[in-house]
Amino acid sequence: MEKRVVFRSRWLPYLLVAPQLAITIVFFFLPAGQAIWQSLLQEDPFGTSTEFIGLENFATLFADEHYLASFRVTAIFSVLVAGFGLAISLVLAVFADRVVRGAGVYKTLLIWPYAVAHAVAAVLWLFLFNPTLGVVAHWIKGLGIGWDPLLDGNDAMVLVVVAAVWNQISYNFLFFLAGLQSIPKSLIEAAAIDGAGPGRRFWTIVFPLLSPTTFFLLVVNIVFAFFNTFAIIDAATGGGPGQATEILVYKVYKDGFKALDLGSSAAQSVVLMAIVIGLTVLQFKWIERKVQY
Amino acid sequence: MVERRPLLDFITHAVLLLGVAVIAFPVYVTFVASTITAEEVLAAPMTLVPGPHLLENYKEAWLHGAGNSAAPVRTMMFNSLVSALVIAIGKIAISLVSAFAIVYFRFPLRMFFFWMIFVTLMLPVEVRILPTYKIVSDLSMLDSYAGLTLPLIASATATFLFRQFFLTIPDELAEAARIDGAGPMRFFWDVVVPMSKTSMAALFVIQFIYGWNQYLWPLIVTTQEDYYTVVIGIKRMIAGGGEASVEWHLVMATAMMAMLPPAVVVILMQKWFVKGLVDTEK
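Residues numbered from 1 in each chain as written. Chains lettered and ligands numbered in written order. Predicted model: local features only at pLDDT ≥ 70, side-chain atom pairs only at ≥ 80, totals over all residues. Heavy atoms only, no water.

Undergrad: Tell me what's going on with the overall build of chain B, and back it up with residues and numbers.
TA: Along its length, chain B carries 15 helices and zero strands. Radius of gyration (C-alpha) of chain B: 24 Å, far over the 19 Å computed for a compact globule of 282 residues. Projecting the C-alpha coordinates of chain B onto the three principal axes gives extents of approximately 75 × 65 × 30 Å. Looking at chain B as a whole, 56% of its 282 residues qualify as buried. Sequence separation of at least 24 residues holds for 72% of the intrachain contacts in chain B that already meet a minimum separation of 6. Split by element, the accessible area of chain B, about 11,700 Å² in all, is 68% carbon and sulfur. Distance between charge centroids for chain B: 10 Å, based on 18 positive and 20 negative side chains. (Helix = DSSP H or I, 4+ residues; strand = E, 2+ residues; numbered from the N terminus. Rg over C-alpha atoms; globule rule 2.2 N^0.38 Å. Buried < 20%, exposed > 50% of the residue type's maximum accessible area, 1.4 Å probe, protein only. Contact = heavy atoms within 4.5 Å. Areas by Shrake-Rupley, 256 points an atom, 1.4 Å probe, with all protein chains shown as cover. Lys, Arg positive; Asp, Glu negative; His and termini not counted. Charge placed at Lys NZ, Arg CZ, Asp CG, Glu CD.)

Structure representation (structure tokens):
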């Protein structure tokens, strides 16, 4: 869609896009280009010698079992975050959609966790799950289950998944609720008249009609788990114990800033960029069907 | 509601109340921990009844900070506020003018610029962290407000949102402005900006929260305590040192203060918040 009426000026449009473009070039394209270039080089941490080695960094990377382990951790983490995040918020949204009086109050009480920083959410749950002084940790131990996220990899995974899901529920909830409210009431009423109970109506009408929202949220949640959970991992577990919660974005940071393995870190950046581009294309494929530009 | 089902209504409220309670629980415990003494926090399990030390804990954290990070919370809250405002307002300003140029002018490279901005959606800061750090360091912007905010200001989503919105402004308005002899900037200030106020408010809420809650970027560009934001300040307070040296009661007071501004923004501006969330995903 284009405007029929436009203004004419030789220089004004360039001046108007200049600030945006300047920042985009300096802070997006230069670094991305540098990451791609760096991923083809081998450099020592002090930058004294540099050698062009082609795709060797990538070959080393994919032969590195730590990197492959990090892929596995990321996959498990994002499946858990997306699965639990979507399931819990769908349940809450379905029930909130039923409420006639007080729906607004429930909505307000369920959306505020979106405002809590990921790192702060991680610290709150770290405190609750702290093996010596955490309240929840105490309850878990009371059930006779061993609990120590600092030593046990599975416990640490539970900690970061809970923090991430808690942080993301409000977002999913809002979109599910909007999706539910846009389903025509006449369909539901027709089914009710035909004798379908609430469970049957949900599975045969509501859930299928909600599938575009569900698919969209699935992609958003996977992107969230892949890229935006850095703060949760860093503040709660630091990728540990061992490598148990070291997701890909955390490994890029750790290898680049702590181990100063620049070539490998850059190659990992390039792999991640490829993943983001894939996910974004997927997301826009969905949007194309719904929104006209 | 389609039919009466008292049992289901009961279950509905029970599930929702349970959800609200579980979601609020961590914040409640945090609040309790911020009102008791350090010794009481360490007594496992901690009490779940608020204590009488609220004011002194908050005052201590506000004026002196806690643990390994000596930065007082007031400094960090100020830094967070500055970065969140600069990021939110900066994003809105540069996106508004660039979207205006792309919609209301025809010029060579127009679509190329549009795609350049679009592509940045695909490059979250997490994946290009090291080279971006290098550039900011080469520009000697480490430990400065410019370094904290500028790299986060470019926004494809805001540009898209405004572009979408401008396309819905009737052509007759631009035509009338041109016939009346108004130039493009006059049209921009007198017609486009006032009409975009709702979109701006919605974006402001989302971007303010985004800016306030930044973590990775402030973590690496700030080394001096003077420039810590409150979110990374909390992390510094619990990092390093042994378990016992963490002053949890002060950390939790800081966490409460860190959560407050964005939570207030979301709750008070809920309508715009929801609009912003939904619009930025289109």
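The rest of the description comes next.
Undergrad: Describe the overall build of chain A, naming the residues involved and giving the relevant values.
TA: Of the regular secondary structure elements, chain A holds 13 helices and two strands. C-alpha atoms of chain A, sized along the principal axes, occupy 75 × 75 × 30 Å. Across the 293 residues of chain A, 56% fall into the buried class. When contacts within chain A are restricted to residue pairs at least 6 apart in sequence, long-range pairs at least 24 apart make up 67% of them.

Undergrad: I'd like a description of the packing of helix H4 (residues 103–111) of chain A against helix H1 (residues 6–33) of chain B, backed by residues and values.
TA: Taken N-terminus to C-terminus, the directions of H4 of chain A and H1 of chain B make an angle of 30°; their axes are 9 Å apart at the nearest point. In terms of their interaxial angle, H4 of chain A and H1 of chain B are classed as roughly parallel. The hand of the H4 of chain A/H1 of chain B crossing is left-handed. On the side of H4 of chain A, the interface is formed by Tyr-106, Leu-109 and Leu-110 of chain A, while H1 of chain B contributes His-13, Leu-16, Leu-17, Gly-19, Val-20 and Ile-23 of chain B. Class assignment of the residues belonging to the contact of H4 of chain A with H1 of chain B gives a composition of seven nonpolar, two polar and no charged. (Axes fitted to C-alpha atoms, helices over the stretch in contact; angles between N-to-C directions. Parallel < 35°, antiparallel > 145°, perpendicular 65-115°, else oblique. Left-handed = near helix turned anticlockwise from the far one by under 90°. Nonpolar A, V, L, I, M, F, W, Y, C, P; charged D, E, K, R; others polar.)

Undergrad: For unusual backbone geometry, give the residues involved together with the corresponding values.
TA: All names here are of chain B. Unlike most non-glycine residues, Leu-109 shows phi in positive territory, near 75°. As for its position among the elements, Leu-109 is in the loop between helix H4 (73–104) and helix H5 (110–119). The phi torsion at Asp-143 lies on the positive side, around 50°, for a residue other than glycine. In this fold, Asp-143 is placed in the loop between helix H6 (129–138) and helix H7 (145–149).

Undergrad: Break down H6 of chain B for me, citing the residues and quoting the values.
TA: Within the sequence span of H6 of chain B, burial applies to Ile-129, Leu-130, Pro-131, Thr-132, Ile-135 and Val-136 of chain B. Positive phi appears at Ser-140 of chain B, one or two residues downstream of H6 of chain B, with a value of about 45°.

Undergrad: Explain the pattern of salt bridges residue by residue, including any values.
TA: Should their charged atoms come close, side chains of opposite charge can pair. With the rule as written, the count across this model stands at five salt bridges over all chains. Its salt-bridge partner being Arg-98 of chain A, residue Asp-9 of chain B comes within 2.5 Å of it at the nearest N-O pair. With Asp-9 of chain B in helix H1 and Arg-98 of chain A in helix H3 (residues 65–98), the pair connects residues from two separate chains. Among the residues examined, Arg-98 of chain A registers a relative accessible area of 19% and is labelled buried. Lys-251 of chain A is the partner of Glu-246 of chain A in a salt bridge, and the nearest nitrogen-oxygen pair spans 3.9 Å. Owing to a relative accessible area of 6%, Lys-251 of chain A belongs among the buried residues under this scheme. When salt bridges that share partners are traced, they join Glu-246, Lys-251, Lys-254 and Asp-255 of chain A into one network. (Salt bridge = Lys/Arg side-chain N within 4 Å of Asp/Glu carboxyl O.)

Undergrad: Hey, could you go over the packing of aromatic side chains for me, with residue numbers and the actual values?
TA: Residue and element names in this part refer to chain A. By the definition in use, this model includes 43 aromatic pairs over all chains. When the ring of Trp-112 is compared with that of Trp-166, the centres are 6.0 Å apart and the planes differ by 75°; the resulting orientation is edge-to-face. Taken as a pair, Trp-112 in the loop between H4 and helix H5 (118–129) and Trp-166 in helix H7 (residues 153–181) lie far apart in primary sequence, 54 residues in all. Side by side, Trp-112 and Trp-166 carry an identical accessibility label, which is buried. (Phe/Tyr/Trp six-rings, centres within 6.5 Å; stacked < 30°, edge-to-face > 60°.)

Undergrad: Tell me about H3 of chain A, residues and numbers included.
TA: For H3 of chain A, built from 34 residues, the straight-helix expectation of 50 Å at 1.5 Å per residue is met to within 8% by its first-to-last C-alpha distance of 49 Å. N-capping of H3 of chain A is provided by Asp-64 of chain A, with a side-chain oxygen placed 3.0 Å from the backbone N of His-66 of chain A. (Expected span 1.5 Å × (residues − 1). Polar contact = N/O pair within 3.5 Å; in protein donor to acceptor, adjacent residues only side chain to side chain.)

Undergrad: Which residues make up the interface of chain B and chain A, and what are the values?
TA: Many authors give the size of an interface as the accessible area that is lost as the parts come together. Each partner contributes residues to the interface: chain B has 116 residues there, and chain A has 101 residues. Here chain B meets chain A over a buried area of about 10,000 Å², counting both sides, of which 76% is carbon and sulfur. At the junction of chain B with chain A, the criterion picks out 13 residue pairs in polar contact (both at pLDDT 80 or more). A total of 19 residues in the side of chain B that touches chain A trace back to one element, the largest contributor, which is H1 of chain B. Looking at the side of chain B that touches chain A residue by residue, the classes come out as 85 nonpolar, 14 polar and 17 charged. (Buried area = accessible area lost by both parts, 1.4 Å probe.)

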